[in-house]
Amino acid sequence: MPRNTINTINEQDAAILPPAGVSNRQAWYTVWLLAALYVVSWLDRGILALLAQPLSASLGLDDRQLALLLGLGFALVYAIGGVALGHFVDTRNRRTVVTIGVIIWSLATILSAFSTNFEMIFLLRCGVALGEAVLMPAAISLIADLFKPAQRGLPVAFFTSIGSFMTIGAYALGAAAIGLAEAVSSDIGLTTWRTTLIIVGLPGLLLALIFAFTAKIPTRSISEALPAAEVSMAALIQYLKKRMRFMGPLLSLTGINCIYSLAIIIWLPTVLIREHGMNASEAGYLLGLVGVPAALAGNFFWQWRGLRLYHRDPEKGILRTFVLPSLCAAPCYAAGLLSDSIVLQLSGFAVGMFMGSAFNVMTPIAIQSYTPTRMRARIVSLNFLIISVLGYGLGPLAAVEIGTWVAGEWQGIRTGLITLSLISWPLLVITTLAMVRNAGKPNEL
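Residues numbered from 1 in each chain as written. Predicted model: local features only at pLDDT ≥ 70, side-chain atom pairs only at ≥ 80, totals over all residues. Heavy atoms only, no water.

1. Digging into helix α18 (residues 412–437)
The line we're drawing: Secondary structure elements follow DSSP: runs of H or I of four or more residues count as helices, runs of E of two or more count as strands, with numbering from the N terminus. Here the expected length of a helix is defined as 1.5 Å per residue gap, with one fewer gap than residues. The angle between axes fitted to the seven residues ending at a residue and the seven residues starting there is what we call the bend at that residue.
For α18, with 26 residues, the first-to-last C-alpha span of 38 Å sits near the 38 Å given by 1.5 Å per residue. Of all the bends found along α18, the most pronounced is centred on Trp425 and spans about 25°, while Pro426, a proline, follows it within four residues.

2. Comments concerning the side chain of Gln303
Spelled out, the test is: Think of it in three bands: residues with accessible area under 20% of the maximum for their type are buried, residues over 50% are exposed, and the middle band is partly exposed, with areas taken using a 1.4 Å probe on protein chains only. Any pair of residues with heavy atoms lying within 4.5 Å of one another is described as a contacting pair.
By secondary structure assignment, the location of Gln303 is in helix α13 (residues 280–312). The buried category is assigned to Gln303, whose relative accessible area is 11%. Once you skip the residues sitting within four places of it in the chain, Gln303 turns out to touch Gly153, Leu154, Ala157, Val361, Met362 and Ile365.

3. What to know about the side chain of His87
Spelled out, the test is: Here a polar contact means two N or O atoms within 3.5 Å. Within protein one must be a hydrogen donor candidate and the other an acceptor candidate, and residues neighboring in sequence count only if both atoms are side-chain atoms.
Structurally, His87 is set in helix α4 (residues 72–91). Within the structure, the side chain of His87 is placed 3.1 Å from the side chain of Arg378, a separation counted as a polar contact.

4. A look at the packing of helix α12 (residues 244–276) against helix α17 (residues 376–407)
This is how it is decided: The convention used is that axes are lines fitted to C-alpha atoms, helices contributing only their stretch in contact, and that angles between N-to-C directions extend from 0 to 180 degrees. The hand of a helix crossing depends on one turn: near helix anticlockwise from the far one by less than a right angle means left-handed, and clockwise means right-handed. When residue character is reported, Ala, Val, Leu, Ile, Met, Phe, Trp, Tyr, Cys and Pro are called nonpolar, Asp, Glu, Lys and Arg charged, and the others, Gly included, polar.
At their nearest, the axes of α12 and α17 sit 7 Å apart, and the two run at 35° to each other. α17 is crossed by α12, and the crossing has right-handed handedness. Taken together, the residues that form the contact of α12 with α17 break down as 20 nonpolar, six polar and no charged.

5. Comments concerning the environment of Ala377
Looking at where Ala377 falls in the secondary structure, it is placed in helix α17. Along the backbone, Ala377 and Ala139 are 238 residues apart, and their C-alpha atoms lie at a distance of 8.5 Å. Those residues within four positions of Ala377 in sequence are excluded, and the remaining contacts are Gly86, Val89, Asp90 and Pro137.

6. Here's the deal with the pattern of salt bridges
Just so we agree on the cut-off: Put simply, a salt bridge is a Lys or Arg side-chain nitrogen that is within 4 Å of an Asp or Glu carboxyl oxygen.
Across all of its chains, the model carries seven salt bridges by this definition. One salt bridge in this structure joins Arg378 and Asp90, with 2.8 Å as the shortest N-O distance. Here Arg378, found in helix α17, pairs with Asp90, found in helix α4; they are 288 residues apart in sequence, far enough to count as distant. Assigned by exposure class, Arg378 and Asp90 land together as buried. Put simply, Arg94, Asp145 and Arg376 are held in one network by salt bridges that share partners.

7. What about the nonpolar core?
Put simply, the rule is: Only buried residues count toward a nonpolar core. Its members are Ala, Val, Leu, Ile, Met, Phe, Trp, Tyr and Cys residues joined through side-chain atoms within 4.5 Å.
Judged by nonpolar contacts, the single largest core of 106 residues is most densely connected at Phe211 and Leu319. Grouped together as the second largest cluster of nonpolar side chains are 22 residues, Leu48, Ile110, Ala113 and Val200 included.

8. Re the packing of helix α2 (residues 24–59) against helix α5 (residues 94–112)
Inclusion rule: Roughly parallel means an angle under 35 degrees; roughly antiparallel means over 145; roughly perpendicular covers 65 to 115; every other angle is labelled oblique.
Running from N to C, α2 and α5 cross one another at 30°; their axes reach a closest spacing of 11 Å. On the basis of the axis angle, α2 is roughly parallel to α5. Helix-helix and strand crossings are classified by hand; for α2 and α5 the assignment is left-handed. On α5, the residues that touch Leu37, Val40, Ser41 and Asp44 of α2 are Val98, Val102, Trp105, Ser106 and Thr109. Tallied by class, the residues present in the contact of α2 with α5 amount to five nonpolar, three polar and one charged.

9. Some details on helix α16 (residues 342–370)
Taking 1.5 Å of rise per residue, 29 residues should cover 42 Å, and α16 covers 42 Å from first to last C-alpha, within 8% of that figure. Along α16, the sharpest change in direction is near 35° and occurs at Met362; proline Pro364 comes one to four residues later. Measuring from the backbone nitrogen of Val343 back to the side-chain oxygen at the start of α16 gives 3.3 Å, which picks out Ser341 as the cap.

By themselves these figures say nothing about function.
Listed below in structure tokens is the structure:
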């Protein structure tokens, strides 16, 4: 395709090829290191959920303070901090940025073991959130530079699949860490919850050293040679304004999907407990057994589907991958919840998870393909900010409020989830179609 058909702002990016001297083995080795770091980050962020009771008793925390530590407080710091830190990923040496980020979150986790009050552990949890906020933007940026455009789907799917697995897997690893802590706590003179935080924080320090000395980090010769003004936050804002008709829908898609999908993930255990007489453990394991395989299968299927569509339609094939999930995910969730049958509820949940996983894996791939190299990390961070606000902030609360208004507090959660899914559905479809229509040319054409 003639060079003059490429968007002016992306002309330099269009010429970028994966760096010479990076073998497929080196590229995948770095992806495996990033995946290992992602596993540790999930463990460090999730361990407090298992330690909530002893932590609360030891430090005298109330439920509101626990909620800030476990949920919204962590998510907002993670999302907002990620936007600022994404600038360093885009403009500084990524080996250094990732290494420092891992060290910060690991040390913050370890130091949390010595907290004596809410203020101290809250500040340290903010440190965990800020350190972890570096990883996802850096990983998406690195994968884009380590692999050719047609090869990015599988490594992105592999990396993002860690999140699907660790949603439940973090609890299993955390339980193992607690078991180890119980065995050694008396020997070191600390309570079990404090020893557990030390144990889960140590692997990150080791992996930080391994990453610092062995990861293959490609150079960004064009991006690094640009004047400071070309990689500044002002340049990013100017780019977003110019491409708002495309970037707005692209960055909003996953957030809109998360409005109802995260609400369902959070509240479906309560539905199973209240309506089917399960205990919390049974509900958690059952949803993990159903949801994790569905999400993992979707992660790898949709990147494969996206690659096929990309070969047929290099200009918009990646984006057309979103169309079927946007049409089907929300109705599948709602259809399952409309039934009183546990089999149908879980079936709808599984299909919804499969369909919805397209947004988790294909959005980073689309960002890699359609945005300038020097801005990718910050754009990924903006995407996570929208997900946090809509998914963690709005969705779960909206489901409760809608359900209570329609059906009453006790029976309202399922009604709220159904209604929220159906309200979000047309918005998701319209946003998807707007994104495809306004895409323009990807960087690689």
